[in-house]
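Summary of structural features
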Amino acid sequence: MSSSLLPAEAHPRRDRTSAAALALAVFALYSVYSWLQWRHYVIPSWDLGIFSQLAKAYAAGQTPIVPIKGEGFNLLGDHFHPVTVLLTPFYWLWPSPATLLYVQNGLVALSVYLLVRFAQHVLALWAALALGTAYALSFGIQQAVAVQFHEVAFALPLLVMSLGYLALTRLTDTPAPLLRRSIYWAAPLVFVKEDVGITVLLIGLVVLARTGWFSTASSIAFPSASAPVSPRCERYRTLLRSWINTPAVAEASLLALWGLAWPLLAIGLILPFFNTGGVFDYSDKLDIAAAIGDPLGALAQLFYPWQKTATLGLLLLIGVLAWTTSPLALIAVPTLIWRFLSPQEGYWEPTWHYNLVLMPIVFAALLDVLARAAARTSVPAYRLGAAPAGRIVRAAFTTLCHRAATVLPVLALTVSLGLLPNQPLAQLADPNFSTTELSTTDQMKAEAVAAIPEGSSVAADLSVLTYLVPHHTAYWIGHSGEPGPDYVLVDKLGSAWGGNPPTSAFDYATGRYGTATYVHYRTIGTIDIAVRTN
């Protein structure tokens, strides 16, 4: 954040220190939560195991083959997330799935620091810290941390940098340098995940709108009836020169095209190329043709079932409604549309990690509103007239603009704190979760992991699957056919069985893995283990 491009700070060292202190506190808070999850074998899904196998392969200089997804499955054919190669040095230094939890917490903390630093150019120190705290405790971030690592965490600092610069253009008469920085920070987002490219497309369009070029282009292409009309070819040449010469317009246009091109390239070519089935595995999650064919039905589908309305309500609430008055709010629309038009119910909920990328958008849009209020502390008299009523409205408007910088951050923080009892961090108040002592179940799982010899292959359910990744070739228990794993581990209380577990690991494994045969190996509490004999 170059000071030459931003409004001057009265106390830069104090501001940097306070922002860093909040970021470190956020990192510590979420890392304590993650450590307790890891210690007590709380693994909500197989995703952490999948990304751990990816990081393990990258750290070994290998193609990201992920046996949890299937024998020989190349994760480059699952989702388009080349940014995950950045996990390599971290996993190489500390080869554990827990490493990924702390990397994600670090990305959250970094985005908190960046948001506060941008806010300090608009707000008083305490208000900027309040806004940063509201963001750090927002439901989207808490839920994402609770369901553990996902690649979209890499989008957080990039989005804050891009949208932060975009918000601060409100405070300068020469916005082009800030707009260019917004563009440059948005460009790498296409490598986070295939759907994030559409977010980049919207950022490009919002930046383009903020250059003011649309009105210029409209007046050139469609001159008023009273203006002299130039030949059409001459108007087009003038329009092209305007596009080239207006600062940041060409870059914003190219960013929009860049954002559109990468999802098409990823879904149509890259992912099918690396996918073992030669297809994009998630093509059935959204029926675009059906939405186009029935637009009214698609519109209704955005709000029903009620889980969608609840998610929208929470999004409106954490930004205290005001964020929706910023053009930056449009950047959230594509994510909401594809999620709510999908038949996948998990996408509709205000849980999991699907709201994570929306949090920087909501709070950057709120910052944009605050920056707009700071830039408009008065209304020109000619707009309201000199009559007493005009002076009253002008005074009221000025008061609202001044108060926004105080009221909105406090309200945002109040909302985040008010939602805390129903969010994951509330588990820290649960003695069973916050204790460092291992329960009987935790000890059972630790013993089961230790019972599997290092270097062997093992099929397991979610209860210990992720913990087997560092020193074993781990398969999901649903795997079948060749190759048969060396060990098969069944936790009869595991979530994979839906309350109807197999009678034993031996019974489950028999006949499931081709010609492989198994015998009973060990029983540890509710965990039964079979070992391959041939």
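Predicted model only: the values in this text are computed from it and were never measured.

The next point concerns the overall build of the protein chain. Across its full length, the protein chain carries 22 helices and five strands. Here the protein chain has a C-alpha radius of gyration of 27 Å; the compact-globule value for 534 residues is 24 Å, and the two agree. For the protein chain, the spread of C-alpha atoms along the principal axes amounts to about 90 × 55 × 45 Å. Contacts spanning at least 24 positions in sequence make up 73% of the contacts within the protein chain whose residues lie at least 6 apart. Just so you have it, the protein chain exposes about 23,300 Å², and 65% of that area is on carbon and sulfur atoms. Taking the average location of the 30 positive side-chain charges in the protein chain and that of its 29 negative ones, the two points are 18 Å from each other.

As a volume, the largest pocket reaches approximately 1,400 Å³. In terms of lining, the largest pocket is formed by 46 residues, of which the most central are H79, Y282, K285, W338 and Y347. The set of elements that each furnish at least two residues to the lining of the largest pocket consists of α2 (47–59), α9 (196–210), α12 (249–274), α13 (288–293) and α16 (333–341). With five residues, α16 is the largest single contributor of residues to the lining of the largest pocket.

Structurally, the α-helix is built with 3.6 residues per turn, so residues lying three or four positions apart point the same way. An ideal rise of 1.5 Å per residue puts 40 Å on 28 residues; helix α1 (residues 12–39) measures up with 40 Å between its terminal C-alpha atoms. Where α1 ends, the next residue or the one after it, Y41, has phi of about 55 degrees, a positive value.

Next up on the list: the confidence of the model for the protein chain. Averaged over every residue, the pLDDT of the protein chain is 90; residues scoring 70 or more account for 92%. Every residue in residues 378–386 is under pLDDT 50, and counting partners more than four places away or in other chains gives 11 contacts.

Core analysis: the largest hydrophobic core is formed by 155 residues, its most contacted members being Y135, L163, L189, I203, F363 and L489. Excluding its chain neighbours within four sequence positions, the residues that come into contact with L163 are I203, L328, I331, P360, I361 and A364. Core analysis: the next-biggest nonpolar cluster, separate from the first, contains 13 residues, A509, Y513, Y518 and A530 among them.

So, on to the sheet that holds strand β4 (residues 518–524). Hydrogen bonds between backbone groups are what pair the strands of a sheet, and the pairing can be parallel or antiparallel. The strand order across the open sheet built from five strands is β2-β1-β3-β5-β4, with neighbouring strands paired in mixed fashion. For this open sheet the edge positions go to β2 (473–476) and β4, each flanked by a neighbour on one side alone. The mean angle between the axes of side-by-side strands here comes to 25 degrees, regardless of whether they run parallel or antiparallel. Here five bridges tie strand β3 (residues 487–491) to strand β5 (residues 527–532), and the two strands are oriented antiparallel to one another. If you follow Y487 over to β5, its bridge partner there is V531. Set on the sheet, helix α21 (residues 440–451) makes contact with β3, β4 and β5; between it and β4 the angle comes to about 145 degrees.

Another point: unusual backbone geometry. As a rule of thumb, non-glycine residues mostly have phi less than zero, and peptide bonds are mostly trans rather than cis. Here the amide bond leading from Y304 into P305 is cis, since omega sits at 5 degrees, within 30 degrees of zero. The backbone of Y41 sits at a positive phi, close to 55 degrees, despite the residue not being glycine. Here Y41 is to be found in the loop between α1 and α2. On the basis of relative accessible area, Y41 is assigned to the buried category, the value being 13%. Although it is not a glycine, W352 adopts a positive phi angle of roughly 55 degrees. Here W352 lies in the loop between α16 and α17 (358–375). Under the relative-accessibility criterion, W352 is labelled partly exposed at 30%.

Following the criterion strictly, the structure yields six salt bridges and no others. With its nearest N and O atoms 3.0 Å apart, the salt bridge here joins D368 to R170. Of this pair, D368 sits in helix α17 while R170 sits in the loop between α7 (155–168) and α8 (176–186), and the two are 198 residues apart along the sequence. According to the relative accessible area criterion, R170 is partly exposed, its value standing at 23%.

You can see D442 is positioned in helix α21. The buried charged residue D442 lacks any salt bridge, with K445 as its nearest oppositely charged partner at 5.7 Å. A polar side-chain atom of D442 sits 2.8 Å from a polar atom in the side chain of H40. Look past the residues within four positions of D442 in its chain and what remains in contact with it is R39, H40 and Y41.

Here the focus is the packing of aromatic side chains. This structure, assessed with the given rule, holds 22 aromatic pairs. Arranged with centres 5.3 Å apart and planes meeting at 80 degrees, the rings of F51 and F149 form a pair that is edge-to-face. One end of the pair, F51, is in helix α2; the other, F149, is in the loop between α6 (139–146) and α7, with 98 residues separating them in the sequence. Judged on exposure class, the residue F51 and its partner F149 are both buried.

Our next topic: the packing of helix α10 (residues 213–221) against helix α11 (residues 232–245). Two numbers describe how α10 lies on α11: the axes approach to 9 Å, and their chain directions differ by 165 degrees. Judged on the interaxial angle alone, α11 and α10 are roughly antiparallel. Seen from above, α10 lies across α11 with right-handed handedness. On α11, the residues touching W213, T216, A217, I220 and A221 of α10 are R235, T238, L239, S242 and W243. Along the lines of polarity and charge, the residues of the contact of α10 with α11 split into six nonpolar, three polar and one charged.

Attention now moves to α9. If you check α9, its first and last C-alpha atoms are 21 Å apart, about what 15 residues at 1.5 Å a residue would give, namely 21 Å. Among the 15 residues of α9, 12 are classified as buried, and the element is accordingly described as predominantly covered. Of the positions making up α9, those classed as buried are V196, G197, T199, V200, L201, L202, I203, G204, V206, V207, L208 and R210. Among the structural elements, α7, α8, α10, α12, α16 and α17 are those in contact with the buried residues of α9. Looking one or two residues past α9, G212 carries a phi angle of roughly 80 degrees, positive in sign.

Quick look at empty space enclosed by the protein now. Counted under the stated rule, the structure contains one cavity of 30 Å³ or more. In this model, the largest cavity occupies a volume close to 80 Å³. Lining the largest cavity, in full, are V152, K193, D195, T335, W338, R339, H353, Y354 and V357. Looking at the lining of the largest cavity residue by residue, the classes come out as four nonpolar, two polar and three charged.

Our focus in this paragraph is a nonpolar patch on the surface. Together, W92, L93 and W94 make up a nonpolar patch on the protein surface, roughly 430 Å² of accessible area in all. Summarising the element assignment, W92 is placed in helix α3 (residues 88–93).

Parameters at a glance
- Residues numbered from 1 in each chain as written.
- Predicted model: local features only at pLDDT ≥ 70, side-chain atom pairs only at ≥ 80, totals over all residues.
- Heavy atoms only, no water.
- Helix = DSSP H or I, 4+ residues; strand = E, 2+ residues; numbered from the N terminus.
- Rg over C-alpha atoms; globule rule 2.2 N^0.38 Å.
- Contact = heavy atoms within 4.5 Å.
- Areas by Shrake-Rupley, 256 points an atom, 1.4 Å probe, with all protein chains shown as cover.
- Lys, Arg positive; Asp, Glu negative; His and termini not counted.
- Charge placed at Lys NZ, Arg CZ, Asp CG, Glu CD.
- 1 Å grid on protein atoms, 1.4 Å probe; cavity = no way out; pocket = protein on both sides within 12 Å on 5 of 7 lines; lining within 4 Å.
- Points joined across faces, edges and corners; volume = space filled by probe spheres on them.
- Expected span 1.5 Å × (residues − 1).
- pLDDT = per-residue confidence, 0-100.
- Core = buried A, V, L, I, M, F, W, Y, C linked by side-chain atoms within 4.5 Å.
- Buried < 20%, exposed > 50% of the residue type's maximum accessible area, 1.4 Å probe, protein only.
- Pairing = 2+ DSSP bridges.
- Axes fitted to C-alpha atoms, helices over the stretch in contact; angles between N-to-C directions.
- Salt bridge = Lys/Arg side-chain N within 4 Å of Asp/Glu carboxyl O.
- Polar contact = N/O pair within 3.5 Å; in protein donor to acceptor, adjacent residues only side chain to side chain.
- Phe/Tyr/Trp six-rings, centres within 6.5 Å; stacked < 30°, edge-to-face > 60°.
- Parallel < 35°, antiparallel > 145°, perpendicular 65-115°, else oblique.
- Left-handed = near helix turned anticlockwise from the far one by under 90°.
- Nonpolar A, V, L, I, M, F, W, Y, C, P; charged D, E, K, R; others polar.
- Patch = residues over 30% accessible without salt bridge, like charges linked within 9 Å, V, L, I, M, F, W, Y side chains within 5 Å.

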